[in-house]
There are 2 protein chains.
Amino acid sequence: MMARLPGLGPRSARRAVLHMIKKRGMLMTPLADALHSVAATARECLNCGNIGTTDICDICASEKRRTGELCVVEDVADLWAMERAAVFKGRYHVLGGTLSALDAIGPDELRIPKLLDRVASENITEVIMALNATVDGQTTAHYIADSLEGRVSVTSLAQGVPIGGELDYLDDGTITAAMKARKAF
Amino acid sequence: MMARLPGLGPRSARRAVLHMIKKRGMLMTPLADALHSVAATARECLNCGNIGTTDICDICASEKRRTGELCVVEDVADLWAMERAAVFKGRYHVLGGTLSALDAIGPDELRIPKLLDRVASENITEVIMALNATVDGQTTAHYIADSLEGRVSVTSLAQGVPIGGELDYLDDGTITAAMKARKAF
């Protein structure tokens, strides 16, 4: 079963299990307890889809976050990445994936209807698309931007040279995007 | 001597030399000839610092390149990266490095005075900073932008999420830059 975790193959799963068996009391039982407790308490925020232990997550409930800005992310890992950067003070909306014709994932399989509801009811002034710069991510961003057109200001993360990036190591697409979006110094 | 090439340690240099000795006629002599001929003919473009076989490089001499736009890069590898992306139709200016107080590299050690000359004499309308998004690169870009202030429009490559980039794998600085430079969808 360990081998079914992402990033663990059969071999590393066996190593991890053996390690845990050796440290039964120190590691295996506490880990099992922790997994049990998370499995029992973790739930998706009814508002934004973030994972927490309450019906409404800490970010949605916080009075310190701006209520007018909504940052749309693909999944909770992206929300965590945004929070690590500590640059965004509004609230989030976690889609739970991207649109995909191949996998038959349409808007209703994601948290898109809920997003439209929130924009209609929550007095949102700006929706910021923080979807991955992949084909699926950008397709989804375009779909959402079209759905929201005229109702709210929609922006997206800038595309370009990453911080510390050297031109010689960048792909052509990024250089092209950075060139097209060049800005006054 | 092979071990003094960048990217070759003593061990890989020995392997390369042994390989060449085995293929003396097929590889070693032709390579020696080629190195000789490049050493004899390669020179820096007097105008932009690009490497070519003539005093004025092909790009500077080309009538198909726009003359009003100048793209400032750190070195020839970056110029090649821009050319691979094929997004820029103007001409270049190769600085030959970045300003560095530590290494005692000031403006006069780089091709910065020549850049100011070119802006004054060549009817340039836009100088595009395509320096690396590193500390040294950006310091140099700021210095040049200050020197050119009021004389010409200075722009720089956009910083942000690289194409194909996923938020979860990006550093905080890039997410912060992308967020601050977000643009209307």
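All values reported here derive from a predicted model rather than from experimental measurement.

Visitor: How do you make sense of the overall build of chain A when you look at a structure like this?
Guide: For chain A, the count of helices and strands is 7 helices and 7 strands. Secondary structure elements of chain A occur, N-terminal to C-terminal, as α-α-β-β-α-β-α-β-α-β-α-β-α-β. Relative to the 2.2 N^0.38 estimate, which gives 16 Å for 185 residues, the radius of gyration of chain A is 20 Å and therefore markedly larger than a compact globule would have. Seen through its C-alpha atoms, chain A measures out along the principal axes to roughly 60 × 45 × 35 Å. When contacts within chain A are restricted to residue pairs at least 6 apart in sequence, those whose partners lie at least 24 apart make up 48%.

Visitor: Please clarify how the interface of chain A and chain B should be interpreted in this entry.
Guide: Interface extent is often summarised as the accessible area lost during association of the parts. With 49 residues of chain A in contact, the opposing surface of chain B contributes 49 residues. Roughly 4,500 Å² of surface becomes buried between chain A and chain B when both sides are summed, with 64% attributable to carbon and sulfur atoms. It is L167(A), M179(A) and F185(A) in chain A that bury the most area against chain B; as a group they hold 17% of the surface buried on that side. Applying the counting criterion to the chain A and chain B interface returns 4 salt bridges. The residue R182(A) makes a salt bridge to E126(B) at a minimum N-O spacing of 2.5 Å. Run the count over chain A and chain B and you get 18 residue pairs in polar contact (both at pLDDT 80 or more). Looking at the side of chain A that touches chain B, the elements with two or more residues in it are α4 (76–85), β5 (126–129), α6 (135–148), β6 (153–156), α7 (172–180) and β7 (183–184) of chain A. If one sorts the elements of the side of chain A that touches chain B by residue count, α7(A) sits on top with 9 residues. Per-class residue counts for the side of chain A that touches chain B are 27 nonpolar, 12 polar and 10 charged. In terms of strand pairing, β6(A) meets strand β7 (residues 183–184) of chain B through 2 bridges, oriented antiparallel. Looking at β7(B), one finds that S156(A) is bridged to K183(B).

Visitor: Is there a simple way to think about the relation of the copies chain A and chain B in this case?
Guide: In this arrangement, two copies of a chain are superimposed by a rotation about an axis accompanied by a shift along the axis. Overlay of chain A on chain B (RMSD 0.1 Å): rotation 180°, translation along the axis 0.1 Å. One copy is carried onto the other by what is essentially a two-fold rotation axis. Measuring from the rotation axis to each C-alpha of chain A, the shortest distance belongs to G160(A), at 2.1 Å. Both copies share a contact surface, since 100% of the interface residues of chain A are interface residues in chain B too.

Visitor: What's the story with the sheet that holds β5(A) in this structure? I'm lost.
Guide: The strands making up a sheet are joined through hydrogen bonds of the backbone, oriented either antiparallel or parallel. Pairing is mixed in the open sheet, where 5 strands are placed in the order β4(A)-β3(A)-β5(A)-β6(A)-β7(B). Each edge of the open sheet is held by one strand with a lone partner, namely β4 (91–94) of chain A together with β7 of chain B.

Visitor: Explain the domain arrangement of chain A here, please?
Guide: Segmenting chain A into domains produces domain 1 (2–41) and domain 2 (66–156). Using only C-alpha atoms to locate each centre, domain 1 of chain A and domain 2 of chain A end up separated by 34 Å.

Visitor: I keep staring at the confidence of the model for chain A and nothing clicks. Help me out?
Guide: Parts of the prediction with low pLDDT should not have their coordinates interpreted in detail. Considering every residue of chain A, the mean pLDDT works out to 92; 100% of them sit at 70 or more. Across chain A, element-level confidence peaks in β4(A) with a mean pLDDT of 96 and bottoms out in β7(A) with 82.

Visitor: Please clarify how the pattern of salt bridges should be interpreted in this entry.
Guide: Working definition: two side chains of opposite charge can pair if their charged atoms are close together. For the structure shown, the criterion picks out 16 salt bridges over all chains. Note that R84(B) is salt-bridged to D168(A), the shortest N-O span being 3.5 Å. One end of the pair, R84(B), is in helix α4 (residues 76–85); the other, D168(A), is in the loop between β6 and α7, on a second chain. Exposure remark for D168(A): the relative accessible area of 33% places this residue in the partly exposed category. The network of salt bridges with common partners includes R91(A), R118(A) and E122(A).

Visitor: Is there a simple way to explain the sheet that holds strand β4 (residues 91–94) of chain B in this structure?
Guide: Pairing within the open sheet is mixed, and its 5 strands lie in the order β7(A)-β6(B)-β5(B)-β3(B)-β4(B). What marks the edges here is a single partner per strand, and that holds for β7 of chain A together with β4 of chain B. Most of the contacts of helix α5 (residues 112–121) of chain B go to β4(B), to which it runs at about 150°, and overall it touches β3 (69–73), β4 and β5 (126–129) of chain B. Its contacts with the sheet place helix α6 (residues 135–148) of chain B against β3, β5 and β6 (153–156) of chain B, and it is angled at close to 165° to β5(B).

Visitor: In this structure, what is going on with the pairing of β6(B)? I would like to understand it.
Guide: Sheet faces and side chains relate simply in a regular strand, where the side chains alternate between the two faces. Residues and elements named next belong to chain B. The sheet contact formed by β5 and β6 spans 4 bridges and is parallel. Of the residues in β6, the one forming a bridge with I128 is T155. In terms of handedness, the path from β5 via α6 over to β6 forms a crossover that is right-handed.

Visitor: Can you walk me through a nonpolar patch on the surface in this structure?
Guide: A grouping of M26(A), L27(A), L31(A) and L35(A) is seen on the molecular surface, where their side chains present a nonpolar patch of about 400 Å² in accessible area. For M26(A), a relative accessible area of 73% puts it in the exposed group.

Visitor: What exactly am I supposed to notice about unusual backbone geometry here?
Guide: Positive phi outside glycine occurs at A86(A), with the angle close to 55°. Relative to the helices and strands, A86(A) resides in the loop between α4 and β4. The phi torsion at N123(B) lies on the positive side, around 65°, for a residue other than glycine. Mapped onto the secondary structure, N123(B) falls in the loop between α5 and β5.

Calculation rules
- Residue positions are counted from 1 within each chain, in the order its sequence is given.
- Starting at A for chains and at 1 for ligands, labels are handed out in the order in which the entities are written.
- Totals for whole chains, interfaces and linings use all residues, but because this is a predicted model, local features are given only for residues with pLDDT of at least 70 and pairs of side-chain atoms are given and counted only at 80 or more.
- To get the side-chain values, all heavy atoms of the structure are used, and hydrogens and water are removed first.
- Runs of E in the DSSP output that reach at least two residues are strands. Runs of H or I that reach at least four are helices, and both are numbered from the N terminus.
- All radius of gyration figures rest on C-alpha atoms, and the globule criterion is 2.2 Å times the number of residues raised to 0.38.
- Whether two residues are in contact is decided by their heavy atoms: any pair within 4.5 Å suffices.
- Joining two parts hides part of their accessible area as seen by a 1.4 Å probe, and the buried area is that hidden amount summed over both.
- Put simply, a salt bridge is a Lys or Arg side-chain nitrogen that is within 4 Å of an Asp or Glu carboxyl oxygen.
- Here a polar contact is taken to be a pair of N or O atoms separated by no more than 3.5 Å, where protein atoms must pair a possible hydrogen donor with a possible acceptor and residues adjacent in sequence count only if both atoms sit in side chains.
- Nonpolar residues are Ala, Val, Leu, Ile, Met, Phe, Trp, Tyr, Cys and Pro. Charged residues are Asp, Glu, Lys and Arg, and all others, Gly as well, are polar.
- A pair of strands counts as paired when DSSP detects no fewer than two bridges linking them.
- We place the copies in one frame by least squares, fitting the C-alpha atoms of every residue whose pLDDT is at least 70 in both.
- Source of the domain bounds: an automatic or database domain assignment.
- On a range of 0 to 100, pLDDT expresses the predictor's confidence in each residue.
- Relative accessibility under 20% of the residue-type maximum defines a buried residue, over 50% an exposed one, and the middle range a partly exposed one, all with a 1.4 Å probe and only protein chains included.
- Between N-to-C directions, angles span 0 to 180 degrees; the directions come from axes that are lines fitted to C-alpha atoms, helices contributing only their stretch in contact.
- With strands facing away from the observer, any crossover in which the path from the first strand over the helix to the second runs clockwise is taken as right-handed.
- Candidate patch residues must exceed 30% relative accessible area and have no salt bridge, after which like charges are joined if within 9 Å and Val, Leu, Ile, Met, Phe, Trp or Tyr side chains if within 5 Å.
- All accessible-area figures derive from a Shrake-Rupley calculation using a 1.4 Å probe, and residue coverage is judged against the displayed protein chains alone.

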